[in-house]
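Residue-level structural notes
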Amino acid sequence: MKNKMVSDIRQLHADLQNKKISCEALVKSKLEELKSSTENTANFLLEDFALGKAKEVDVKIANGEELGLLEGIPFGLKDVYLLQGQPASASSDFLKSYVSPYTATAVQKLLDAGAIPIVKENCDAFGHGSSTENTVFGPAKNALDSNKVAGGSSGGSAVNVAKKYTTFSLGGDTGGSIRQPAGYNKVYGLKPTYGRISRYGIMAYASSTDVVGPIARNLEDIRIVLNAISGQDFRDQTTYESKEVDSEEMINADGAKNLKVGYYKNFIDNEAIDAGIQASFKELIQKLKDKGIEVKALDFFGTSTLVSTYYTLAMAETASNLARLDGTNYGNRAEAESLKEIYAITRSENFTEETKRRIVGGNQVLSQGHSEEIYNKARALRDEIDQRFASEFAEVDIVLSPVTPGPVPVVGETLKDPLAMYLSDAYTVGFSLGGLPTLSAPLGTETGLQITAAKDEESKVLQFANFLNELS
Ligand code: GLN
């Protein structure tokens, strides 16, 4: 029962409704905390917008009106979401002065529920990275140790949640960007099933794996936000109508005990894994077996296959998506003699090194003479990965995995070796290629635990996470 009770959203809701705190005072205090913070998580504070909304909530409270559960709750937005009239930079020079012309569907649903966005959060530019150091706003710092990275790409969002500057934040996850920073900052981060939440109004990185998802300090808040933002949207053809995750189901420990669990042997008995992460993961598996849970060791694709498949596709898709940034329609534009030069100078001056590496790599794998051999091969491998997931989830309900093979890096280390950075995504990218729902929970290993189920089985994921919480 204990986790049903733990909810910052429910607590704040009660405090607002009972006039323990005014919404204006609440929002002001969070903005002040962000202003005096040292983790460098805020690209833009939405001060006027947020305080205006807070006053509206206070009028309702003064009139004795019943507030909705999310009404007046301050939250953060990774700086890749559009909120009409507000900046959206993707942490890039290119869009540093860009103003959103419309509002993302997920954000609109939260606005409709009365939640209040207070900050656009630092992240890796266009989602390209695993540390929130590939950003023109300077690196974000880890919430628990300022010498360490925040993780990425949704690093600012995870740190804001961990430091309680926001009640929850919306991150974006293409290959691990919600799960890994959540793990690095010891909070919860959910990558929902691909298509559960509309991507309309979130800047595209790799469209075939991009998902919107919540980061929060407890499971109940994850559940509340997930239900609020899910649903079919005619503006995103990949969306479907999903079932709400029920709170009674989430806390049903008996249901969780009957779930069959699997883990990938080759993820764990591997030279690349840190000894401490390996030992604590094995300990957790043993503990589950001791509790009578059925646990199966499974074989999966090697991590190098997963990383190469993911990066081939992600680079190809981001090269295509970012072709629209040429100085004509969005953001900065360099002056030059000819149109071709305007494109070339604008793009070389306004993208970071890491983003350029991905655009060049992506265009290479898509180009004539290479696409057959590289891009099409990655497409075929992805189909095989998908089929393997489908057959495995016919046998097990849950797959457990560490979030990362290594501990949290110190600031400055990751940028030196891009290949090492790509390899640090070894455990997260596979579940993205499968479009599966995966939660990163702050337990099991020092960088957290991934809990995955078959498509659209978020209920099982949250139920098992709640069960694990009660075990520990
Ligand atoms: N680190 C991975 C990458 O750089 C994932 C990033 C993401 O999910 N946006 O592609």
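Residues numbered from 1 in each chain as written. Predicted model: local features only at pLDDT ≥ 70, side-chain atom pairs only at ≥ 80, totals over all residues. Heavy atoms only, no water.

**Details of the overall build of the protein chain**
Each helix and strand counted, the protein chain has 19 helices and 11 strands in total. Computed over its C-alpha atoms, the radius of gyration of the protein chain comes to 21 Å, within 12% of the 23 Å expected for a compact globule of 472 residues. Overall, the protein chain is about 65 × 55 × 45 Å in size when its C-alpha atoms are taken along their principal axes. Across the 472 residues in the protein chain, those meeting the buried criterion constitute 59%. Across the protein chain, contacts joining residues at least 24 apart in sequence account for 76% of those joining residues at least 6 apart. (Helix = DSSP H or I, 4+ residues; strand = E, 2+ residues; numbered from the N terminus. Rg over C-alpha atoms; globule rule 2.2 N^0.38 Å. Buried < 20%, exposed > 50% of the residue type's maximum accessible area, 1.4 Å probe, protein only. Contact = heavy atoms within 4.5 Å.)

**A word on the side chain of T346**
Summarising the element assignment, T346 is placed in helix α14 (residues 339–350). Within the structure, T346 has its side chain in polar contact with the backbone oxygen of I342 (distance 2.6 Å). Residue contacts for T346: discarding those within four places in its chain leaves F94, D326, G327, N332, R333, A334 and E341. (Polar contact = N/O pair within 3.5 Å; in protein donor to acceptor, adjacent residues only side chain to side chain.)

**A closer look at the nonpolar core**
With 120 residues, the main nonpolar core has F168, L400, L439, I451 and F464 as its most contacted residues. No other element matches helix α13 (residues 303–321), which puts eight residues into this core. Apart from residues lying up to four places away in sequence, L439 is in contact with Y188, G189, L190, L219, L449, Q450, I451, V461, L462 and A465. Within the second largest apolar cluster, six residues are counted, among which are A158, I178, A182 and V187. (Core = buried A, V, L, I, M, F, W, Y, C linked by side-chain atoms within 4.5 Å.)

**Digging into the sheet that holds strand β11 (residues 449–452)**
Strand order across the open sheet formed by 11 strands is β1-β3-β2-β4-β6-β5-β10-β11-β9-β7-β8, with mixed pairing between neighbours. Each edge of the sheet is formed by a strand with only one pairing partner; in this case those strands are β1 (42–45) and β8 (295–298). Neighbour-to-neighbour, the strand axes of the sheet open up by a mean angle of 25°, direction not taken into account. Helix-sheet contacts for helix α3 (residues 23–35) involve β1, β2 (74–78) and β3 (116–121), and the interaxial angle to β3 is about 10°. Across the sheet, helix α5 (residues 105–112) lies against β2, β3, β4 (168–173) and β6 (211–216), angled at about 165° from β4, the strand it touches most. (Pairing = 2+ DSSP bridges. Axes fitted to C-alpha atoms, helices over the stretch in contact; angles between N-to-C directions.)

**Quick look at the packing of helix α8 (residues 219–229) against helix α19 (residues 458–471)**
α19 packs onto α8 with a crossing angle of 165° between their chain directions and a minimal axis gap of 11 Å. Here α8 lies roughly antiparallel to α19, going by the angle between them. The chirality of how α8 crosses α19 is left-handed. Of the residues in α19, those in contact with L219, I222, R223 and L226 of α8 are E458, L462, A465, N466 and N469. (Parallel < 35°, antiparallel > 145°, perpendicular 65-115°, else oblique. Left-handed = near helix turned anticlockwise from the far one by under 90°.)

**Notes on the pattern of salt bridges**
The tally for this structure, following the rule as stated, stands at 25 salt bridges. In this structure, E33 engages K30 in a salt bridge whose closest nitrogen and oxygen atoms are separated by 3.4 Å. One end of the pair is E33 and the other is K30, both in helix α3 and three residues apart, which spans about a single turn. Using a relative accessible area of 30% as the deciding quantity, one classes E33 as partly exposed. Classification of K30 as buried rests on a relative accessible area of 15%. (Salt bridge = Lys/Arg side-chain N within 4 Å of Asp/Glu carboxyl O.)

**Topic: the packing of aromatic side chains**
Geometrically, a pair of aromatic rings is defined through the distance of the ring centres and the angle of the planes. Evaluation of the coordinates by the stated rule reveals 19 aromatic pairs. Measuring from ring centre to ring centre gives 6.1 Å for Y98 and Y330, while their planes differ by 65°; the resulting arrangement is edge-to-face. Note that Y98 is positioned in the loop between β2 and α5 and Y330 in the loop between α13 and α14, a separation of 232 residues in sequence. By relative accessible area, Y98 is classed as buried at 15%. The partly exposed category is assigned to Y330, whose relative accessible area is 30%. Pairwise contacts between aromatic rings join Y264, F267, F300, F301, F389, F393, Y427 and F431 into one cluster. For the cation-ring pair, K96 lies above F137, with the distance from its terminal atom to the ring centre recorded as 5.2 Å. When the ring centre of F301 is taken as origin, the NZ or CZ atom of R388, which lies over that ring, is 4.5 Å away. (Phe/Tyr/Trp six-rings, centres within 6.5 Å; stacked < 30°, edge-to-face > 60°. Lys NZ or Arg CZ within 6 Å of the ring centre and 35° of its normal.)

**Here we look at helix α15 (residues 353–366)**
Relative to the 20 Å expected for 14 residues at 1.5 Å per residue, α15 spans 20 Å between its end C-alpha atoms, a close match to the ideal helical length. Those residues of α15 not exposed but buried are E354, T355, R358, I359, G361, G362 and V365. (Expected span 1.5 Å × (residues − 1).)

**Thoughts on the site of the ligand**
Surveying the vicinity of the ligand reveals 15 residues, the closest of which are T174, G175, S177, Y205 and Y310. Taking S130, its side chain carries an N or O atom lying 2.9 Å from a nitrogen atom of the ligand. At 2.9 Å, a side-chain N or O of D425 approaches a nitrogen atom of the ligand. Summarising the interface, the protein chains cover 99% of the accessible area of the ligand, which totals 290 Å² for the free molecule. Because more than half of its atoms lie within 2 Å of the grid, the ligand is assigned to the second largest cavity. Split into classes, the residues belonging to the shell around the ligand amount to three nonpolar, nine polar and three charged. (Near = heavy atom within 4 Å. Areas by Shrake-Rupley, 256 points an atom, 1.4 Å probe, with all protein chains shown as cover. 1 Å grid on protein atoms, 1.4 Å probe; cavity = no way out; pocket = protein on both sides within 12 Å on 5 of 7 lines; lining within 4 Å. Sits in = over half its atoms within 2 Å of the grid points. Nonpolar A, V, L, I, M, F, W, Y, C, P; charged D, E, K, R; others polar.)

**Digging into unusual backbone geometry**
With the exception of glycine, most residues fall at negative phi, and the peptide bonds are largely trans. Following G152, the chain continues to S153 via a peptide bond in cis, the omega torsion being 10°. Within the fold, S153 resides in the loop between β3 and α6 (155–162). In this model, K186 sits at a positive phi of 55°, which is unusual for a non-glycine residue. Inspection of the secondary structure assignment puts K186 in the loop between α7 (179–184) and β5 (188–191). A relative accessible area of 45% means that K186 is categorised as partly exposed.

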